[in-house]
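Notes for the structure review
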Amino acid sequence: NAGVMQNPRHLVRRRGQEARLRCSPMKGHSHVYWYRQLPEEGLKFMVYLQKENIIDESGMPKERFSAEFPKEGPSILRIQQVVRGDSAAYFCASSRTGDPPEQYFGPGTRLTVT
Amino acid sequence: AQSVTQPDIHITVSEGASLELRCNYSYGATPYLFWYVQSPGQGLQLLLKYFSGDTLVQGIKGFEAEFKRSQSSFNLRKPSVHWSDAAEYFCAVGTSGTYKYIFGTGTRLKVLA
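Per chain, residue numbering runs from 1 following the sequence as it is written. Ligands are numbered from 1 and chains lettered from A, in the order in which they are written. Residue-level local features of this predicted model are given only where pLDDT is at least 70; pairs of side-chain atoms are given and counted only at 80 or more, and the full residue set underlies all totals for whole chains, interfaces and linings. Side-chain measures here rest on the full set of heavy atoms in the structure, leaving out hydrogens and waters.

**Description of the overall build of chain B**
Counting its regular elements, chain B contains 0 helices and 12 strands. Secondary structure elements of chain B occur, N-terminal to C-terminal, as β-β-β-β-β-β-β-β-β-β-β-β. Taken over C-alpha atoms, the radius of gyration comes to 13 Å for chain B, in line with the 13 Å a tight globule of 113 residues would show. Over its C-alpha atoms, taken along the principal directions, chain B stretches across nearly 45 × 30 × 20 Å. Secondary structure elements follow DSSP: runs of H or I of four or more residues count as helices, runs of E of two or more count as strands, with numbering from the N terminus. The globule rule used here is 2.2 Å times the number of residues to the 0.38 power, and the radius of gyration it is set against is calculated over C-alpha atoms.

Structure follows, in structure tokens:
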């Protein structure tokens, strides 16, 4: 039973380029969460999605960041016009329905902006 | 405001010694509590979790944690540390009806041979 998959594992972008991070949830999980980990910090919630719906994006920066979880395919976190401050590890988690939502984390994508 | 505090940024112990990592939380509702471990360049692995019931929780790799409501704490313990336990440890809190985990800033464990 495959866990949460994220790709790429490492991504290097120059300032001003776009970054696309993908997350495939565990089989049977319909809820996806994105977290960001800045250097030397803990994880911070960004966004919570269900299939074709953004439920809570209160942790997303207001500009340049967007997320989707289409009916088919992985969830995508998109960062437009990246800046050096976007360099971080981005983790995806997934869960089944239910309370509490026990979240299983992927290995993360480490984004470096040069 | 909801928060999680891990007071110790770095901890160094000798191999074979006992370990306790501290976690304190501030939460209005009954919390769900988690400990994760992250090895360098890796993702997060769940060590143990507390939802309800027995306040002493057993996890993987010989770890345990005790929920103390009166102290708002969920400290992680291991009786004898192995060199492979060197990693960063995160405490996280969730609550019924929400889905956001609040993470502490982590404790980096170094193990001396």
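**Some details on the interface of chain B and chain A**
Listed as interface residues are 21 residues of chain B and, on the opposing side, 23 residues of chain A. Take the accessible area each of two parts loses on contact, using a 1.4 Å probe, and add the two losses: that sum is the buried area. Taking both sides of the interface into account, the surface hidden between chain B and chain A amounts to around 1,800 Å²; carbon and sulfur atoms contribute 54%. By salt bridge we mean one thing: a side-chain nitrogen of Lys or Arg within 4 Å of a carboxyl oxygen of Asp or Glu. Scanning the region where chain B abuts chain A turns up 2 salt bridges. Here B:Lys100 ties to A:Asp56 by a salt bridge, and the two come within 3.3 Å at their closest N and O atoms. Two N or O atoms count as a polar contact when they lie within 3.5 Å, although within protein this holds only if one can serve as hydrogen donor and the other as acceptor, and sequence-adjacent residues are included solely when both atoms are side-chain atoms. Our enumeration of links across chain B and chain A arrives at 7 residue pairs in polar contact (both at pLDDT 80 or more). When contributions to the side of chain B that touches chain A are tallied by element, the ones reaching two or more residues are strand 5 (31–38) and strand 6 (44–50) of chain B. Only heavy atoms matter for contacts: two residues are in contact if any of them lie within 4.5 Å across the pair.

**Quick notes on the state of the cysteines**
Two cysteine sulfurs form what is called a disulfide whenever their separation falls within 2.5 Å. Counted according to the given criterion, the structure contains 2 disulfides over all chains. A disulfide bridge connects A:Cys23 with A:Cys92, and the sulfur atoms are separated by 1.7 Å. Measuring the twist about the S-S bond at about -50°, one finds the A:Cys23-A:Cys92 disulfide to be left-handed. In this pair, A:Cys23 is assigned in strand 3 (residues 19–24) and A:Cys92 in strand 9 (residues 88–95), connecting sequence segments 69 residues apart. For the pair A:Cys23 and A:Cys92, a shared accessibility class is recorded, and that class is buried. Disulfide pairing is shown between B:Cys23 and B:Cys91; the S-S distance is 1.9 Å. Disulfide B:Cys23-B:Cys91: torsion about the S-S bond near -65°, hence left-handed. Taken together, the residues span a long stretch of sequence, with B:Cys23 in the loop between strand 3 (19–21) and strand 4 (24–26) and B:Cys91 in strand 10 (residues 87–95) at a distance of 68 residues. Both residues of the pair, B:Cys23 and B:Cys91, count as buried. With a 1.4 Å probe rolled over the protein chains alone, any residue whose accessible area is under 20% of its type maximum counts as buried; one over 50% counts as exposed, and the rest are partly exposed.

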